[in-house]
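# Descriptive structure summary
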Amino acid sequence: MKAYTSFDNTIDYARQLDQQNAFSRFRDEFYIKRDTYYMDGNSLGLLSKRAERTLLNSLEDWKNFGIDGWMSGTQPWFHFSERLGALTAPLIGAKAEEVVVTGSITTNIHQVLSTFFKPAGKRTKILADELNFPSDIYAIKAQLQLHGLDPEEHLVQVKSKDGRTIEEEDVIAAMTEEIAIVWLPSVLYRSGQLLNMKMIAEAAHERGILAGFDLAHSIGAIPHSLHEWGVDFAVWCNYKYLNSGPGGVGGMFVHQNHLGTAPGLAGWFSSKKDKQFDMKHDLEHAETAGAYQIGTPHVLSIAPLLGSLEMFEEAGIENIRESSLRMTEYMMQLIEHELGKAGFEIGNPREDWRRGGHVCLEHEEAARICKALKESNVIPDFRAPNVIRLAPIALYTSYEDIFKTVQILKRIMENEEYKKFENTRNVVA
Ligand SMILES: *Cc1c(COP(=O)(O)O)cnc(C)c1O
């Protein structure tokens with residue numbers, strides 16, 4: 001993307017960008033607190049009126065239909081997970097039958113590893129990276145242990161050279177004959193680095209390795225072509241960029257090539273839909289990604305996603321990405337212009353093709369700077385030890401929000417307002 005030749009650091013310029021922003025109409029559909037600058041949509045997206053409506057529809061269906069809500073409600077629950085999977089498919093470049101909305105990131109990692117990690121002969125190891133999210137690593141270690149394998153030996157974690165990013169070449173160099181599966185994030189949760197999933201999946205396949213990705217920080221922000229790239233499986237949550245609400249049910253992709261593989265963690269919702277109520281003791285699992293569900297869907301935590309996904313379909317994920325890149329670029333320009341001497345470093349990659357949806361600001365006082373920001377109605381999040389994440393969201397953040405955020409940060413630094421807080425994180429950061 002071209003740099004803004006006309007960039008200037010005035011609020012008028014921010015307002016001008018807002019006027020040109022085709023997504024401004026979506027902003028009005030979200031519940032946005034007045035005079036609050038919400039920069040944490042990468043951790044928990046805000047509620048939209050459409051998501052609220054589809055949640056209320058499911059409550060109404062329960063009220064009006066009782067048990068018959070499963071088949072006869074306005075949003076029938078029995079096929080909800082598959083239907084939402086099909087609606088998610090365009091966001092990740094998948095076929096409808098390759099996607100299902102179920103579980104959480106962590107339970108879905110357990111499912112894909114239970115299904116596809118089959119250590120045999122020399123191939124007994126899982127490859128990940130040292131900057132990976134803790135829950136992913138806990139799940140991998142637990143899976144290794146279930147196979148009687150020592151994680152110390154069988155989990156290989158690619159090192160970062162700079163503490164922020166992972167080089168694809170280093171991942172590929174670690175793909176030995178002992179690796180069965182490579183498991184990586186699409187976008188690193190701290191630095192926001194976007195990995196080249198296509199390159200990694202191809203290199204893995206050349207070496208007889210399966211490639212899986214955690215899309216937590218890319219789904220709803222960045223387009224994907226999982227089917228075409230040949231990614232074997234992927235998981236994500238829907239409560240970050242997809243705005244489905246706290247604890248909203250997650251999602252899973254399994255490539256067509258693997259459909260038909262029996263689920264490692266089976267349950268009656270793994271069944272072919274028309275066989276499920278035969279109540280037989282031999283599972284006839286679905287031939288779609290639906291096979292990797294386990295039990296009854298959490299309907300009230302799924303329903304908001306329906307309304308939310310409608311907005312993504314209308315907006316188009318390519319447009320969302322374009323808009324997100326502009327917003328993060330603008331934010332970085334403002335930060336450099338306004339906060340040059342305040343001791344911040346931008347920790348995310350600068351190139352469009354290598355960065356995700358958030359800006360990673362590093363500062364040794366990050367924990368208490370975040371507290372000061374919150375006191376001034378800017379909502380960032382903090383990731384230990386020194387990262388402030390700021391995520392302008394294409395569908396609901398305005399350029400004026402970004403402008404105000406940076407102005408408030410500037411004031412906090414100039415007046416040293418952060419010094420009245422302790423430099424430690426809160427329980428939920
Ligand atoms: C948000 C996030 C999680 C959270 O997992 P849940 O099972 O949904 O609680 C896991 N991994 C990554 C990379 C995340 O960003």
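Note that the coordinates shown come from a computational prediction; the quantities given were computed from them, not determined experimentally. (Residues numbered from 1 in each chain as written. Predicted model: local features only at pLDDT ≥ 70, side-chain atom pairs only at ≥ 80, totals over all residues. Heavy atoms only, no water.)

### Quick look at helix H12 (residues 299-315)
Using the following cut-off: The helix and strand labels rest on DSSP assignments: H or I over at least four residues marks a helix, E over at least two residues marks a strand, and numbering proceeds from the N terminus. Here the expected length of a helix is defined as 1.5 Å per residue gap, with one fewer gap than residues. Bend, at a single residue, is the angle you get between axes fitted to the 7 residues ending at that residue and the 7 residues starting at it. Burial here depends on accessible area, computed with a 1.4 Å probe over protein chains only, as a share of the maximum for the residue type. Under 20% is buried, over 50% is exposed, and the range in between is partly exposed.
With 17 residues, H12 ought to run about 24 Å at 1.5 Å a step, and its terminal C-alpha atoms sit 25 Å apart, in line with that. Where H12 bends most, at Gly307, the angle is about 25°. Across the 17 residues of H12, 12 count as buried, placing the element largely inside the fold. Among the residues of H12, Val299, Ile302, Ala303, Pro304, Leu305, Leu306, Gly307, Ser308, Leu309, Met311, Phe312 and Ala315 are the ones counted as buried. Where H12 ends, the next residue or the one after it, Gly316, has phi of about 85°, a positive value.

### Things to note about the nonpolar core
The following threshold applies: By nonpolar core is meant a set of buried Ala, Val, Leu, Ile, Met, Phe, Trp, Tyr and Cys residues that side-chain atoms within 4.5 Å join together. Residue ranges for the domains originate in an automatic or database domain assignment.
Judged by nonpolar contacts, the single largest core of 67 residues is most densely connected at Ile92, Val171, Met175, Val182, Leu215, Phe253 and Leu395. The element best represented in this core is H12, accounting for 9 residues. Each of domain 1 (11-30 + 316-420) and domain 2 (52-313) accounts for three or more of the residues forming this core. One finds Ala14, Leu17, Leu334 and Ile402 within the second-largest nonpolar core, a separate group that totals 38 residues.

### Focus on the site of the ligand
We count it as follows: Throughout this document, a residue counts as near a molecule or strand when at least one of its heavy atoms sits within 4 Å of that molecule or strand. Side-chain atoms alone can form a polar contact between residues adjacent in sequence; in general such a contact is a pair of N or O atoms within 3.5 Å, and within protein one must be able to donate a hydrogen while the other accepts it. Areas reported here follow the Shrake-Rupley algorithm with a probe of radius 1.4 Å; residue values treat only the protein chains shown as occluding.
The local shell around the ligand consists of Ser104, Ile105, Thr106, Phe133, Asp136, Asp214, Ala216, His217, Tyr239 and Lys240. Taking Asp136, its side chain carries an N or O atom lying 2.8 Å from a nitrogen atom of the ligand. Contact distances for the ligand include 2.5 Å between an oxygen atom and a side-chain N or O atom of Lys240. For the ligand, the protein covers 84% of the area, taking 390 Å² as the surface of the free molecule.

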